[in-house]
Amino acid sequence: IGRLVEVMKAAGAWDNTVIVLTSDHGEMMGDHWTLGKFGYFDQAYHIPLVIRDPRCPETFGARISVFTEAVDVTPTLLEAAGSKRDGPADGRSLYAFLQGKTPDDWRREAHWEFDFRDVVNGAAQESLGLELDDCSLAVIRDERYKYVHFAGLPPLLFDLAEDPYELRNLSEDRDYLAVRLEMA
């Protein structure tokens, strides 16, 4: 990255180039006793996103702690380029954050999906007793709770304030029934 920055500076492009650094997924690195990208755990979905717009020096080095999603990158770049997207699309522009503002109606949760089918040898389906199309999950996570909806398995619910390591499934706990229904 340092070499790219030096080349851009030498070419006179540093002060008129928007820089975006991100990745497609996180890495478990031993969390939950796993490696790689795996399922519904936060570690697999916390990904870097660094945006530098030379027109917004007041926010250089700033950090935000609201929920953003990978689908926000495209609308952000379109707005930075002064363009508008045609038709409906997922995601919202993060450009207000680059200008030091937080939209009043910003999302209060993050969403993601994971397809855990093993189309090569069927190991996931066989070990879980599921059909191919039942090997997917969808997650909604807010500041306190995470709800995991599986296509072919019972759901999971975690109270992240009480159980930040997601070790205790509360989906069958009567005290959390209202939370489970709201998240579902």
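Residues numbered from 1 in each chain as written. Predicted model: local features only at pLDDT ≥ 70, side-chain atom pairs only at ≥ 80, totals over all residues. Heavy atoms only, no water.

Participant: What is the right way to read the sheet that holds strand β5 (residues 145-150) from this model?
Facilitator: The strands that make up a sheet pair up through hydrogen bonds in the backbone, lying either parallel or antiparallel. Strand order in the open sheet formed by 4 strands is β3-β4-β5-β6, and the pairing between neighbours is antiparallel. Unpaired on one side and paired on the other, β3 (109-115) and β6 (156-159) mark the two borders of the sheet. In this sheet, adjacent strand axes meet at a mean angle of 15 degrees when their direction is disregarded. Judged from the 4 bridges that link them, β5 and β6 form a sheet pairing that is antiparallel. (Pairing = 2+ DSSP bridges. Helix = DSSP H or I, 4+ residues; strand = E, 2+ residues; numbered from the N terminus. Axes fitted to C-alpha atoms, helices over the stretch in contact; angles between N-to-C directions.)

Participant: Can you walk me through a nonpolar patch on the surface in this structure?
Facilitator: A surface patch of nonpolar side chains, about 290 Å² in accessible area, is lined by Ile1, Leu21 and Val50. With respect to the helices and strands, the residue Ile1 is situated in the segment before α1 (2-10). Note on Ile1: relative accessible area 70%, which makes it exposed. (Patch = residues over 30% accessible without salt bridge, like charges linked within 9 Å, V, L, I, M, F, W, Y side chains within 5 Å. Areas by Shrake-Rupley, 256 points an atom, 1.4 Å probe, with all protein chains shown as cover. Salt bridge = Lys/Arg side-chain N within 4 Å of Asp/Glu carboxyl O. Buried < 20%, exposed > 50% of the residue type's maximum accessible area, 1.4 Å probe, protein only.)

Participant: I tried to follow the packing of aromatic side chains on my own but got confused; where do I start?
Facilitator: Think of a pair of aromatic rings as described by two things: how far the centres are apart, and how the planes are tilted against each other in angle. Here the structure, examined in full by the defined rule, presents 3 aromatic pairs. Where Phe116 meets Phe150, the ring centres are 6.3 Å apart and the plane angle is 75 degrees; that geometry is what we call edge-to-face. One end of the pair, Phe116, is in the loop between β3 and α4 (123-128); the other, Phe150, is in strand β5, with 34 residues separating them in the sequence. Owing to a relative accessible area of 17%, Phe116 belongs among the buried residues under this scheme. On the basis of an interplanar angle of 75 degrees and a centroid distance of 6.3 Å, the ring pair of Tyr145 and Tyr176 is categorised as edge-to-face. In this pair, Tyr145 is assigned in strand β5 and Tyr176 in the loop between β6 and α5 (177-183), connecting sequence segments 31 residues apart. The exposure classification of Tyr145 matches that of Tyr176, with both residues buried. Lying over the aromatic face of Trp14, Lys9 brings its terminal NZ or CZ to 5.3 Å of the ring centre. (Phe/Tyr/Trp six-rings, centres within 6.5 Å; stacked < 30°, edge-to-face > 60°. Lys NZ or Arg CZ within 6 Å of the ring centre and 35° of its normal.)

Participant: Quick question: what am I supposed to make of the nonpolar core here?
Facilitator: Within the largest apolar cluster, 18 residues are counted, with the highest numbers of intra-cluster contacts made by Tyr40, Phe116, Leu137, Val139, Val148, Phe150 and Leu156. Going through the elements one at a time, β3, β4 (136-142), β5 and β6 are the ones with two or more residues in this core. Here the element with the most residues in this core is β3; it accounts for 3 residues. If sequence neighbours within four positions are ignored, Val148 has contacts with Tyr40, Leu137, Ala138, Val139, Pro155 and Leu156. (Core = buried A, V, L, I, M, F, W, Y, C linked by side-chain atoms within 4.5 Å. Contact = heavy atoms within 4.5 Å.)

Participant: Would you mind going over helix α2 (residues 73-80) with me for this structure?
Facilitator: For an α-helix, 3.6 residues make a turn, and residues three or four places apart therefore share a direction. By the burial criterion, the buried members of α2 are Val73, Pro75, Thr76 and Ala80. Here the buried residues of α2 occupy an arc of 170 degrees about the axis, which is enough to place them on one side. Check the buried side of α2 and you find it contacts β1 (19-22), β2 (49-52) and α3 (95-98). (Arc of directions from axis to C-beta.)

Participant: Would you take a moment to explain the pattern of salt bridges for this structure?
Facilitator: A side chain of one charge can pair with a side chain of the opposite charge when the charged atoms of the two come close. Throughout the structure, instances matching the rule amount to 8 salt bridges. Between Arg55 and Asp53 there is a salt bridge, and its shortest N-O distance comes to 2.7 Å. Taking the relative accessible area as the measure of exposure, Asp53 reaches 2% and is therefore buried. Linking Arg117 and Asp133 is a salt bridge whose minimum nitrogen-to-oxygen distance equals 3.8 Å. Here Arg117 is found in the loop between β3 and α4, whereas its partner Asp133 is found in the loop between α4 and β4, with 16 residues between them in sequence. Given a relative accessible area of 35%, Arg117 falls into the partly exposed group.

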